[in-house]
Amino acid sequence: MEISKDKVATLNYVLKNDNGEVMDESQDGQFTYLHGASNIIPGLESALEGKKAGDSMSVSVAPADGYGERDLAQIQQVPRNMFPPDVDIEPGMQFQAQSPEGQMMVVMVTAVNGDTVSVDGNHPLAGENLHFDVSVVDVRDASPEELEHGHVHGPDGHHHE
Ligand code: ZN
């Protein structure tokens, strides 16, 4: 069975950046996704089209087909009192915030200077070329319920993240 729209594929992958550092990986068939539902970045999804269980490949994805370019407008200085008073704010902490358009987004603290906190709302992999080594473990038909929801359900039935 080939990977195509409405199939569920199980992958093993290693993701490296331009420096060859491992940014993310999934082994032992822990990663599954619904093909054709924009569950994964476009550059990887299109490269997987037509692949079968047992196939391996290396694919490089530019930011435009990955997590987008880094947007300097997403880097902001906010007052310390926007954060919970009982939490020590440190670089690397992540918080949910609301964008000016009202969407929920995750921002990461990049610096704390007195009463000012610098946050970055870009995806950590924004602006990065992504180099994947991928092997296809399994391909199956999606269930009607998975297609209705637009994502994969686990082996024990329904689960949502
Ligand atoms: Zn669901």
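Residues numbered from 1 in each chain as written. Predicted model: local features only at pLDDT ≥ 70, side-chain atom pairs only at ≥ 80, totals over all residues. Heavy atoms only, no water.

The next point concerns the layout of surface pockets. Its volume calculated, the largest pocket comes out at about 400 Å³. Lining the largest pocket are 17 residues; nearest its centre among them are Q76, A97, Q98, M105 and V107. Of all elements in the fold, only β4 (75–79), β5 (94–98) and β6 (104–113) reach the threshold of two or more residues within the lining of the largest pocket. Considering every element that reaches the lining of the largest pocket, the biggest residue donor is β5, with 4 residues. Looking at side-chain class alone, the lining of the largest pocket contains 10 nonpolar, 6 polar and 1 charged residues. (1 Å grid on protein atoms, 1.4 Å probe; cavity = no way out; pocket = protein on both sides within 12 Å on 5 of 7 lines; lining within 4 Å. Points joined across faces, edges and corners; volume = space filled by probe spheres on them. Helix = DSSP H or I, 4+ residues; strand = E, 2+ residues; numbered from the N terminus. Nonpolar A, V, L, I, M, F, W, Y, C, P; charged D, E, K, R; others polar.)

Spatial ordering of the open sheet is given by β4-β7-β6-β5, a layout of 4 strands whose pairing is antiparallel. Unpaired on one side and paired on the other, β4 and β5 mark the two borders of the sheet. Along the sheet, successive strands turn relative to each other by an average axial angle of 45 degrees, direction set aside. One ladder, built from 5 bridges, connects β4 with strand β7 (residues 116–120); its direction is antiparallel. Within the sheet, the bridge partner assigned to V78 lies in β7 and is V117. (Pairing = 2+ DSSP bridges. Axes fitted to C-alpha atoms, helices over the stretch in contact; angles between N-to-C directions.)

Turning to the environment of A62, a few remarks are in order. Within the element layout of this structure, A62 appears in the loop between β3 (56–61) and β4. Spatially, the C-alpha atom of A62 lies 7.7 Å from that of G43, the residues being 19 residues apart in sequence. With near-sequence residues (within four places) excluded, A62 lies in contact with E128 and N129. (Contact = heavy atoms within 4.5 Å.)

The side chains of a regular strand alternate, residue by residue, between the two faces of the sheet. In terms of residue burial, strand β1 (residues 7–16) counts as a mostly covered element, since 9 of its 10 residues are buried. One ladder, built from 10 bridges, connects β1 with strand β8 (residues 130–141); its direction is antiparallel. When the sheet's bridge partners are listed, T10 is paired in β8 with D138. Across 8 bridges, β1 lies against strand β2 (residues 22–34) in antiparallel orientation. In the strand pairing of β2, T10 is matched with T32. Hairpin connection, β1 to β2: the antiparallel pair is bridged by 5 residues, and G20 has positive phi, about 80 degrees. (Buried < 20%, exposed > 50% of the residue type's maximum accessible area, 1.4 Å probe, protein only.)

Quick look at the packing of aromatic side chains now. Within the structure shown, the criterion is met by 4 aromatic pairs. Note on Y13 and F31: the rings are 5.4 Å apart at their centroids and 85 degrees apart in plane angle, and the pair reads as edge-to-face. With a gap of 18 residues between them, Y13 in strand β1 and F31 in strand β2 connect regions that are remote in the sequence. Assessed through its relative accessible area of 23%, F31 is described here as partly exposed. Members of the aromatic cluster, each reached through a chain of ring pairs, are Y13, F31, Y33 and F132. (Phe/Tyr/Trp six-rings, centres within 6.5 Å; stacked < 30°, edge-to-face > 60°.)

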